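Listed here are the chains, written in short residue letters.
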2 protein chains.
Amino acid sequence: MAEVTLRDVARAAGCSVATVSRVLAGTRPVGAETARAVREAADRLGYRPNEVARALRSRSTGTVGLVLPQITNPFFPSLVRELEHVLHAEGRAVLLADCDDDPETEAARIGALLGRRVDALLLIPVDERRSREAVAAAAAQVPLVLLDRGCGPGVADSVAVDNAAGMALVLEHLAATGRRRPCFIGAAGTASAAAERRAAYAAGVAALDPTAPERAVLGEFSVEWGRAAVDRIWPARPDAVVCANDLIAAGALQRLRQLGADVPGEVAVTGFDDVPLAGLADPALTTVRQPVAELAAEAARLLTRRPAAALVPVPGPRRPVRTVRLAPELVVRASSAPGGVRVEPCATS
Amino acid sequence: MAEVTLRDVARAAGCSVATVSRVLAGTRPVGAETARAVREAADRLGYRPNEVARALRSRSTGTVGLVLPQITNPFFPSLVRELEHVLHAEGRAVLLADCDDDPETEAARIGALLGRRVDALLLIPVDERRSREAVAAAAAQVPLVLLDRGCGPGVADSVAVDNAAGMALVLEHLAATGRRRPCFIGAAGTASAAAERRAAYAAGVAALDPTAPERAVLGEFSVEWGRAAVDRIWPARPDAVVCANDLIAAGALQRLRQLGADVPGEVAVTGFDDVPLAGLADPALTTVRQPVAELAAEAARLLTRRPAAALVPVPGPRRPVRTVRLAPELVVRASSAPGGVRVEPCATS
DNA sequence: GTGAAAGCGCTAACAG
DNA sequence: CTGTTAGCGCTTTCAC
């Protein structure tokens, strides 16, 4: 059967298309009897509003673009899931773009999404610096919220976990369980997660014991680097290895086991993010859980409350960007347990 | 600045909107000089075609809906990534829907995507049986390709890995490396991956040694089940544990280590899918790698070649559905290595 | 090769 | 409360 349109419904219900539109969109009050007839006709004909036409006319597609570096990064799927749920619950659809960790691809994807007239953009930038230009340009056109990673000061609203608070939780826990000679395996570069976590580690360790020499090595957020880094720090025999994320920690755990180290007896290992892998490692990894559902909800809230960019640039001071930081939670598992302490069992996958 | 439209470009180039449209879309030949002027004007004004208007007029949104059970299932992200790349390369955008493993949510998402007038649907069904109705209804409206899992016979075109071939590779490898007493930890239910893999195991083992008693236990595709199943099969002291997917295998590996079993010396363990976790397990997991990029390419090909459903149902025999099965590849790692054999190093995550 | 005109299906003024 | 009338920005006949 051909497509059922508003006209068909109007004809069947014996009224004008405007009335049908009003009933179905609930835009303005309509007589109870007419409304019933319209709904009945729409039902009977199996009418389904054409969102494309609606979008063209109302200048709003009900669509948000979700741009991320690489969906295969194990931290992202759960975030994508929560975002999808929150947005669909508001009747908005998600256009997904995977940038293959490449800023140029990212710029192209952003352009494609803007061409499709997304109402807003949710974006995890590929690179703190090299993403900035494209992000700033996009932010001038539609409401845009940065997620998980920053993109330079003042570029756009952003929502992320409080990395400093998370690192503080880790250090506190290690101190409380008697660890005295921690070291850090971090990531180099300016990405906010990398920079904030290593700064927080440095600050926290100094507060713990100002005389302790700082043992920190920097590489990247990968399992390989975790493995390699252990060879650099293990000779100093730390009693705790604080890792900047779970991938690094997984690699560190593997290598420590190969070297015959006793985890957690001899040395504790901690991660960050609580990706699915963390609960599956052996021993299960103590880590910092990001409040994923809250991050998603907060991002969605910022999107909807930020009014569309003015068509004509307003003179005067620019609206200040909003930065939301959410508190994470420490998840203590076997990799940092002092003897006999009960810990959370392995995660379920 | 207000939105730049075709009219603006036409005015700037000194021609009609029709001409501009033709130049930009390349629909019909246009004078070289005019074309140049148009392109120059479009560039200068920063014109970006409004895909919404284009979609309304041309009755094609250039958009594909991707519906999946749960993006957090570790097998899906790499598939989503490949699909996204293949589709974006053709200038199509991906509307993502996550069904939370629930058939009703799935039906609702499908409806929402159809309302948005997606040109086609790529769908990994939540359930072989309970998804069927919604999927069949959707397939009547737009081209639809089933991915990874089936949904009953004759419902729609489908693309998936050849599970039987994969299982045969595993059994062959185990036989070749001297394993004689395998057992199987599978998944119950009618989902195609579960059913095909356990059938292939049964057939392969019987062919290997018709007198061997079949040792198989069935549960679900989860780490927990892998752990629990080991307690059921270990007393019989198999020399190989064939698992229906990598999650099960990861659980089995954990439990075997707790029990003090020597993997791979005493018993080999194999998985299926080659999710990122597989290379990270200890010992790294021998598994069957799905040809993810090829699956994605094949799915995209089926989508574009299936002409849109006829507006008026044609009488006569229905077009037969196409079923594509792609051959997987065996990835031998430490969990099944006979002594001294070189195996692929850990995956890089 | 180019332009004028007619809509795609819907919403939003504006009258009644 | 309801109908009539304009379009949203684009593609696509149909003339020239």
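On a predicted model such as this, the values are computed, not experimentally measured, just so you know.

## What about the protein's contact with DNA strand D?
The environment of DNA strand D is made up of 25 residues, and the closest members are A:Gly31, A:Thr34, A:Arg57, B:Leu6 and B:Tyr47. Expressed as a percentage, the sugar and phosphate content of the atoms of DNA strand D within 4 Å of the protein is 58%. Residue B:Ser21 places a side-chain N or O atom 2.8 Å away from a phosphate oxygen belonging to DNA strand D. At the level of secondary structure, the elements contributing two or more residues to the surface near DNA strand D comprise helix H2 (17-25) and helix H4 (51-58) of chain A together with helix H2 (17-25) and helix H4 (51-58) of chain B.

## With respect to the sheet that holds strand S7 (residues 216-219) of chain A
All names here are of chain A. Taken in spatial order, the four strands of this open sheet run S7-S6-S8-S9, and their pairing is parallel. Looking along the sheet, the strands with just one partner apiece sit at the ends: S7 and strand S9 (268-270). Recorded for the sheet is a direction-independent mean angle of 15° between the axes of neighbouring strands. Across four bridges, strand S6 (residues 182-187) lies against strand S8 (residues 240-243) in parallel orientation. Across the sheet, cysteine 183 pairs through a bridge with valine 241, a residue of S8. Helix-sheet contacts for helix H10 (residues 223-233) involve S6, S7 and S8, and the interaxial angle to S6 is about 145°. Strands in contact with helix H11 (residues 246-258) are S6, S8 and S9; relative to S9, the strand with the most contacts, it is inclined by about 155°.

## Some points on the packing of helix H10 (residues 223-233) of chain B against helix H11 (residues 246-258) of chain B
Residues and elements named next belong to chain B. Direction vectors running N to C along H10 and H11 enclose 45°, while the axes themselves pass 6 Å from each other. Here H10 lies oblique to H11, going by the angle between them. Here H10 and H11 pass one another in a crossing that is right-handed. Along the contact surface, H10 presents Val223, Trp225, Gly226, Arg227, Val230 and Asp231, while H11 presents Leu247, Ile248, Gly251, Ala252, Gln254, Arg255 and Leu256. A per-class count over the contact of H10 with H11 returns seven nonpolar, three polar and three charged.

## Observations regarding the protein's contact with DNA strand C
Not every one of the 25 residues close to DNA strand C is listed here, only the nearest: A:Leu6, A:Tyr47, B:Thr19, B:Gly31 and B:Thr34. The share of sugar and phosphate among atoms of DNA strand C within 4 Å of the protein is 59%. Take B:Thr19: an N or O atom from its side chain is 2.5 Å from a phosphate oxygen of DNA strand C. Between a phosphate oxygen of DNA strand C and a main-chain N or O atom of B:Gly31, the distance comes to 2.5 Å. Elements with a minimum of two residues in the surface near DNA strand C: H2 and H4 of chain A together with H2 and H4 of chain B. Across the surface near DNA strand C, the residue classes break down as 10 nonpolar, seven polar and eight charged.

## Quick look at the relation of the copies chain B and chain A
Rotating chain B by 180° and translating it 0.0 Å along the rotation axis places it on chain A, where the RMSD comes to 0.1 Å. One copy is carried onto the other by what is essentially a two-fold rotation axis. Nearest to the rotation axis, the C-alpha of B:Leu95 is located 2.3 Å from it, this being the minimum over chain B. In this assembly, 100% of the residues forming the interface of chain B have copies in chain A that are likewise at the interface, indicating an isologous arrangement.

## Some remarks on the interface of chain B and chain A
Across the boundary between the two partners, chain B contributes 57 residues, which contact 58 residues of chain A. At the boundary of chain B with chain A, total buried surface from both sides reaches about 4,900 Å², with 55% on carbon and sulfur atoms. Ranking the residues of chain B by area buried against chain A places B:Arg48, B:Arg116 and B:Arg117 at the top, with a combined share of 14%. Where chain B meets chain A, there are eight salt bridges. A salt bridge links A:Arg109 to B:Glu84; its shortest N-O distance comes to 2.9 Å. Our enumeration of links across chain B and chain A arrives at 28 residue pairs in polar contact (both at pLDDT 80 or more). If you list the elements that add at least two residues to the side of chain B that touches chain A, you get H4, helix H5 (76-89), strand S2 (93-98), helix H6 (103-115), H10, H11 and helix H12 (276-280) of chain B. By residue number, the principal contributor to the side of chain B that touches chain A is H5(B), which donates seven residues. Residue composition of the side of chain B that touches chain A, grouped by class: 26 nonpolar, 16 polar and 15 charged. Alignment of strand S2 (residues 93-98) of chain A against S2(B), held across three bridges, turns out to be antiparallel. Counterpart to A:Leu96 in the pairing with S2(B) is B:Val94.

Conventions and cut-offs
Residues numbered from 1 in each chain as written. Chains lettered and ligands numbered in written order. Predicted model: local features only at pLDDT ≥ 70, side-chain atom pairs only at ≥ 80, totals over all residues. Heavy atoms only, no water. Near = heavy atom within 4 Å. Polar contact = N/O pair within 3.5 Å; in protein donor to acceptor, adjacent residues only side chain to side chain. Helix = DSSP H or I, 4+ residues; strand = E, 2+ residues; numbered from the N terminus. Pairing = 2+ DSSP bridges. Axes fitted to C-alpha atoms, helices over the stretch in contact; angles between N-to-C directions. Contact = heavy atoms within 4.5 Å. Parallel < 35°, antiparallel > 145°, perpendicular 65-115°, else oblique. Left-handed = near helix turned anticlockwise from the far one by under 90°. Nonpolar A, V, L, I, M, F, W, Y, C, P; charged D, E, K, R; others polar. Least-squares fit on C-alpha atoms with pLDDT ≥ 70 in both. Buried area = accessible area lost by both parts, 1.4 Å probe. Salt bridge = Lys/Arg side-chain N within 4 Å of Asp/Glu carboxyl O.

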